[in-house]
Amino acid sequence: MRRLVFLGPPGAGKGTQARALAAELGVPQVATGDMLREAVAAKTPLGLLAKRYMDSGALVPDEVVIGLIAARLAEPDARSGFILDGFPRTVPQAEGLERLLKDLGQSIDRVIVFDVGEGELLRRLTGRRVCPKCGAAFHLVFASPKADGRCDQCGSALIQREDDREETVRTRLAVYARETAPLLDHYRDRHLLSAVSGEGEIQAVRRAIRRAAGLPA
Ligand code: ADP
Ligand code: ADP
Ligand code: ZN
């Protein structure tokens, strides 16, 4: 079970769990949001294009993210597995992924969807603080860093993401319901979907994911 997809609304805990599990399994965490934010920070043509969509809480066009993923999965470190975090987010992206994997002679082992209620998502996203350097996520109340305002991993000053303001968060939740939630049926039909409750303690969610993925606790 080394080719996993983490699916779920913004704030569900995908990044937190993907980072930890990827490190444990020795496979890359492939997070399109992180890749896009790097492109934005570097002001590449791709970043400039993506920024407009991201700032408003909309999805970046399918062909753009599928292109990013195609290049990323072709890298040697992704050969023995990966955790896709935040991709696919639309049915056309899922279809693009299937074509890519087919060409590589690979397939998805399991898709894990995180169930978290809307009130909890709002609390998580508005309190989220992230490390601009290494991408680690913290929370003012639920997952506070050891030193106030500093990343546990690399010591950088933590920031609030532009799109974690409440107004943009509401747009992102609506985009999830409209464009990403249809993927649940897509993967259920393919017998790949496992749902876990994303609402417990971080360690409890971690155990539920390992069970769902058929990994030893
Ligand atoms: P979150 O962790 O809150 O779910 P992400 O970091 O995954 O957010 O994504 C931030 C933004 O980046 C999204 O709102 C969207 O604009 C863009 N993005 C990330 N992944 C994708 C994707 N697979 N397809 C389209 N847009 C994406
Ligand atoms: P996603 O990648 O799905 O958008 P994150 O992993 O960034 O979600 O988590 C969103 C916020 O919620 C972060 O501030 C994170 O520290 C916090 N968080 C993650 N998992 C939990 C949990 N099980 N309980 C409480 N807060 C959590
Ligand atoms: Zn850091």
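Everything here concerns the structure above.
These figures come from a predicted structure and were not determined experimentally.

Visitor: Just checking my understanding: could you explain the site of ligand 1 for this structure?
Guide: Neighbouring ligand 1 are 19 residues; Thr32, Arg37, Ala58, Gln93 and Arg172 lie closest to it. Measuring from an oxygen atom of ligand 1, one finds a side-chain N or O atom of lysine 14 at 3.3 Å. The backbone of alanine 58 places a nitrogen or oxygen atom 2.6 Å from an oxygen atom of ligand 1. Looking at the shell around ligand 1, the element that brings in the most residues is helix α2 (residues 32-41), giving four residues. Each residue belonging to the shell around ligand 1 can be placed in one class, and the counts come to eight nonpolar, four polar and seven charged.

Visitor: Teacher, can you tell me more about helix α1 (residues 14-25) here?
Guide: In this model α1 runs 16 Å from its N-terminal to its C-terminal C-alpha over 12 residues, within 8% of the 16 Å that 1.5 Å per residue would give. Turning to α1, its buried residues number three or more, namely Lys14, Gln17, Ala18, Leu21, Ala22 and Leu25. Down the axis of α1, the sector holding all buried residues measures 125 degrees, keeping them to one side. If you follow the buried residues of α1, they end up packed against β1 (3-7), β2 (29-31), β3 (82-85), β4 (110-115) and α9 (202-212). Looking one or two places after α1, you find glycine 26, whose phi comes out positive at around 70 degrees.

Visitor: Is there a simple way to think about the site of ligand 2 in this case?
Guide: For ligand 2, the set of nearby residues contains 18 residues, the closest of which are Gly11, Lys14, Thr16, Arg128 and Phe138. The contact in question runs from an oxygen atom of ligand 2 to an N or O atom on the side chain of lysine 14, over 2.7 Å. At 2.6 Å, a side-chain N or O of threonine 16 approaches an oxygen atom of ligand 2. Taken by itself ligand 2 offers 570 Å² of open surface, and the protein chains cover 92% of this. Of all elements in the fold, only α1 and β6 (137-139) reach the threshold of two or more residues within the shell around ligand 2. Its residues assigned to classes, the shell around ligand 2 shows eight nonpolar, six polar and four charged.

Visitor: How should I be thinking about the coordination of the zinc ion (ligand 3) in this particular structure?
Guide: Geometry sets the ideal angles at a metal, namely 109.5 degrees for four tetrahedral donors and 90 or 180 degrees for six octahedral donors. Protein ligation of the zinc ion (ligand 3) involves Cys131 (SG), Cys134 (SG), Cys151 (SG) and Cys154 (SG), the donor distances falling in the range 2.3 to 2.4 Å. Each of the four donor atoms around the zinc ion (ligand 3) contributes to a set of angles spanning 99 to 122 degrees, which defines the coordination as tetrahedral. Counting along the primary sequence, the residues that act as donors to the zinc ion (ligand 3) give the motif C-x2-C-x16-C-x2-C. With cysteine 131 in the loop between β5 (128-130) and β6 and cysteine 154 in the loop between β6 and α7 (166-180), the pair connects residues that are 23 residues apart, well separated along the chain.

Rules and cut-offs
- Residues numbered from 1 in each chain as written.
- Chains lettered and ligands numbered in written order.
- Predicted model: local features only at pLDDT ≥ 70, side-chain atom pairs only at ≥ 80, totals over all residues.
- Heavy atoms only, no water.
- Near = heavy atom within 4 Å.
- Polar contact = N/O pair within 3.5 Å; in protein donor to acceptor, adjacent residues only side chain to side chain.
- Helix = DSSP H or I, 4+ residues; strand = E, 2+ residues; numbered from the N terminus.
- Nonpolar A, V, L, I, M, F, W, Y, C, P; charged D, E, K, R; others polar.
- Expected span 1.5 Å × (residues − 1).
- Buried < 20%, exposed > 50% of the residue type's maximum accessible area, 1.4 Å probe, protein only.
- Arc of directions from axis to C-beta.
- Contact = heavy atoms within 4.5 Å.
- Areas by Shrake-Rupley, 256 points an atom, 1.4 Å probe, with all protein chains shown as cover.
- Donors = N, O, S within 2.8 Å, 3.2 Å for Na, K, Ca; no water.
- Tetrahedral: all angles 85-135°; square planar, octahedral: opposite > 155°, others 65-115°.

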